[in-house]
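Residue-level listing of the chains:
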Amino acid sequence: MTWIKLCSVLFLSLNLMFTGCKSQPNEEVYISDFYNIHEEYKDAWGNVGKYDISLPYIHCDSKSAKKLNQTIKNEYKDLVDSLDEAKEEGYTLPDTKVSYDVYTHSNLLSLVIKEEVETEYPRYKVYHFDSKTKKRVSNKKLYKKYKISQKDMKVWAAQAFDQEYANEYYDNVKELRAQTIGLLPSNLDVFYHKGKLNVLIPVATNFGSGTKMVLYRPSRKKSYKIEDSSTFDQMTMTLKDNKLSLYYSGTDKTYKVHGCFNEYKQVHVYEIGPGVTYGFALTTNGLVEVIAIEDGLPIERVCSQGPLYGLDKVKSLRSGQALTEKDQLIDLFDALRNQPFKSLEGTYTNESVTLQIDENGLYAMQDQENSHSGLLFSVGMEEDGFVYGYDDYNQQVLSYCKVMPLYEKLEIKNLFDHDKLELEYQYE
């Protein structure tokens, strides 16, 4: 076993002293290994256990530096103790590796620690330290310094998800997208590397713990020069300042297209399939988002339904078709009808209202004074979940509801005498 330790660490246990590791008062702040362990052993059954652990140490006399060093030590104490115990007791745990990188941006030192455990997605911890003030820097302060808003994070989460799943196709891919955006933590880790902003985004997945961390480098343009428009029949879609809008001559109104998180370079309106008009928006990274115009207009809530997954590397749209980088023409109707959109089938309740939805989208709602029935239809996706319209059997559209990620909650507006209803999924 090889132990390489800056501070004469004599055992794997994290009961280590920091004395003897101080820098001189005028010495420049720098980072080196607190300890660096490479261990490989066999248990009683001949199985090989391996772990490589390296953690950073900040050489600085300030109280903030000492506290941060202690925080990092405590964060990984249980992990190292468990590995130590496994070796001593003669059994193996999944191969484990903990490593770190240090990124410098002006006076800011960003310590990015990566924990890799066999069969699991990597986990990250990021700590920031200002070498000039000799104090730890919080994410909140970085957001303020670099003008990062919660809206920016939602946009980046959608972009990171779409980039990750561009070539993937799962029946629940849209649910995963809604989960990624809607359940996004407000305190994302960020750091600068070679002048570029990096963001660690938890993206929903069907595997492992249910999320995996994706390193995303967003574009932070201050202005967008691309403008475009497309007209079909009574509908005109416009792209300006990277925002989408729809003008409908039937109502002589212009509607904002909600749920648009990407950067766009072309819009396209066309009659797709049996006499239904859809809008499409081509992103700068070759994805095609779909807008179900005729579903959104009756409730005056036009939304993107997200990308057509499985269709990427598109360079232009024309006449209801997508032209790929390989000069293949893909029929947008064929791509569209393969897109999954989960039914809301189930029972949703609160203290006074019960809503039942069957597999075909037919619903029946009952409160203390009223009952109502009709049909739900999908409209699109926004930051806090899916948007569905609902109408009665006379085809009179009433309003819309937002479905929260994982379908655990429904937020319904303007039904019966309720301005707003919040219902929870009733598990059987």
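Up top you'll find the structure we're talking about.
Residues numbered from 1 in each chain as written. Predicted model: local features only at pLDDT ≥ 70, side-chain atom pairs only at ≥ 80, totals over all residues. Heavy atoms only, no water.

## A short note on the pattern of salt bridges
Next, step 1: One pass over the structure, following the stated rule, counts 11 salt bridges.
Next, step 2: Of the charged contacts in the structure, one is a salt bridge between arginine 301 and glutamate 382, with a shortest N-O distance of 2.8 Å. Here arginine 301 is found in the loop between helix 6 (293-296) and strand 18 (302-307), whereas its partner glutamate 382 is found in strand 25 (residues 371-382), with 81 residues between them in sequence. Across the pair, glutamate 382 and arginine 301 agree in class, each one buried.
Next, step 3: Close ionic contact of aspartate 334 with arginine 337 constitutes a salt bridge, the shortest N to O distance being 3.1 Å. Of the two residues, aspartate 334 and arginine 337 both sit in helix 7 (residues 332-337), three residues apart, roughly one turn of that helix.
Next, step 4: On the accessibility criterion, arginine 337 (57% relative accessible area) is exposed. (Salt bridge = Lys/Arg side-chain N within 4 Å of Asp/Glu carboxyl O. Helix = DSSP H or I, 4+ residues; strand = E, 2+ residues; numbered from the N terminus. Buried < 20%, exposed > 50% of the residue type's maximum accessible area, 1.4 Å probe, protein only.)

## Looking at helix 4 (residues 150-165)
What sets the pattern is the α-helix's 3.6 residues per turn: residues three or four places apart point alike.
Next, step 1: Counted at 1.5 Å a residue, the expected span for helix 4 with its 16 residues is 22 Å, and the 23 Å between its end C-alpha atoms agrees.
Next, step 2: If you follow the buried residues of helix 4, they end up packed against helix 3 (139-145), helix 5 (173-182), strand 9 (196-204), strand 10 (211-216) and strand 18. (Expected span 1.5 Å × (residues − 1). Contact = heavy atoms within 4.5 Å.)

## Examining the sheet that holds strand 21 (residues 329-331)
Next, step 1: Overall, antiparallel pairing links the three strands, which are arranged 19-20-21 in an open sheet. At either end of the open sheet lies a strand with only one pairing partner, and these are strand 19 (314-318) and strand 21. Pairwise comparison of adjacent strand axes, ignoring direction, gives a mean angle of 30° for this sheet.
Next, step 2: Relative to strand 20 (residues 321-324), strand 19 runs antiparallel, the two being bridged by four bridges. Bridge pairing in strand 20 links serine 316 to leucine 323. (Pairing = 2+ DSSP bridges. Axes fitted to C-alpha atoms, helices over the stretch in contact; angles between N-to-C directions.)

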